[in-house]
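Next come the chains, spelled out residue by residue.
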Amino acid sequence: MDRGALIVFEGCDHSGKTTQCKRLVELLEQKRIPVQQFRFPDRTTAIGQMINSYLSNKQDIEDHAVHLLFSANRWELVPKMKVLLEAGTTLIVDRYAYSGVSFTAAKEGFSIDWCKQPDCGLPRPDLVLYLNLRPDAAAKRGNFGNERYEQTDFQAKVMKNFHLLKESYWKEIDADKTEDDLAAELGEIVLNCIPTVRERPIEKLWC
Ligand code: FDM
Ligand code: MG
């Protein structure tokens, strides 16, 4: 049985990650390619609900502890992800461990290296689509909401961290274009990627 591809979207707020994930799922469904969408944090689980109350400022959680909760929220979905991948379903994932590391490492006293440890061994994406948008272009698309982390100076640190995490299987995409143009560009990249992973084993992230 040919396996599906694990495709992750990362990038700054307003870069269009969520919209483009949805467009991509629609495209693959149209082409009858088995596909399922994931997003992290997945706020529907018990751990995800704790994360949600943290992000919406209803609850404070110690910084190391919340980092581990974000990671646990990925690990709890791994069995489901693996079953789907092995059954030939391509997964389109909105944020992953790279957000986990980049956001926590933007806080005082956290090294990139420490932040990576809990996510070591997660299924390694076949492709990371990093949507790049300059801060001024992002600001034109709308203001930040009220969630924790939605501040310009913090986000600038997060962006720097993202760039330190780039690997060979990342594609940096200029997101400063229309939704349709971006969807067409991403669609082509993903349709080319899926057949190349069919017989490749699922690798482990950061180890
Ligand atoms: N975030 C997301 C983290 O801090 N760590 C993580 O591991 C993940 C996956 O949560 F500010 C942050 C990034 C963002 C917030 O993300 C919620 P969405 O995409 O807006 O739901
Ligand atoms: Mg958001």
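These figures come from a predicted structure and were not determined experimentally. (Residues numbered from 1 in each chain as written. Chains lettered and ligands numbered in written order. Predicted model: local features only at pLDDT ≥ 70, side-chain atom pairs only at ≥ 80, totals over all residues. Heavy atoms only, no water.)

**Concerning the overall build of the chain**
- Summing up its helical and strand segments, the chain has nine helices and five strands in all.
- What you see in the chain, going N to C, is helices and strands ordered as β-α-β-α-α-α-β-α-α-β-α-α-β-α.
- The C-alpha atoms of the chain give 17 Å as radius of gyration, which agrees with the globular expectation for 207 residues (17 Å, within 12%).
- The principal-axis extent of the C-alpha atoms belonging to the chain is close to 45 × 35 × 30 Å.
- For the chain, the proportion of its 207 residues judged to be buried stands at 50%.
- Taking contacts inside the chain between residues at least 6 apart in sequence as the whole, the part at least 24 apart equals 82%. (Helix = DSSP H or I, 4+ residues; strand = E, 2+ residues; numbered from the N terminus. Rg over C-alpha atoms; globule rule 2.2 N^0.38 Å. Buried < 20%, exposed > 50% of the residue type's maximum accessible area, 1.4 Å probe, protein only. Contact = heavy atoms within 4.5 Å.)

**Structural notes on the site of ligand 1**
- With respect to spatial proximity, the complete set of residues near ligand 1 consists of Arg 39, Phe 40, Pro 41, Arg 43, Leu 55, Phe 70, Arg 74, Arg 95, Ser 99, Gly 100, Phe 103 and Tyr 149.
- Here an oxygen atom of ligand 1 sits 2.7 Å away from a polar atom, N or O, in the side chain of Arg 95.
- Between ligand 1 and Gly 100 there is a distance of 3.4 Å, counted from an oxygen atom to a backbone nitrogen or oxygen.
- Contact with the protein chains removes 93% of the 480 Å² of surface that ligand 1 exposes when unbound.
- Those elements that provide at least two residues to the shell around ligand 1 are helix 3 (63–75) and helix 5 (97–104). (Near = heavy atom within 4 Å. Polar contact = N/O pair within 3.5 Å; in protein donor to acceptor, adjacent residues only side chain to side chain. Areas by Shrake-Rupley, 256 points an atom, 1.4 Å probe, with all protein chains shown as cover.)

**Looking at the pairing of strand 3 (residues 90–94)**
- Burial analysis of strand 3 places five of its five residues in the buried class, the great majority of the element.
- Side chains Thr 90, Ile 92 and Asp 94 of strand 3 all project onto a buried face; the interleaved residues Leu 91 and Val 93 project onto the opposite face, where all are buried too.
- Pairing analysis gives four bridges linking strand 1 (residues 6–11) to strand 3, with the strands arranged parallel. Among the inter-strand pairings, Leu 6 is bridged to a residue of strand 3, identified as Leu 91.
- Alignment of strand 2 (residues 35–39) against strand 3, held across five bridges, turns out to be parallel. (Pairing = 2+ DSSP bridges.)

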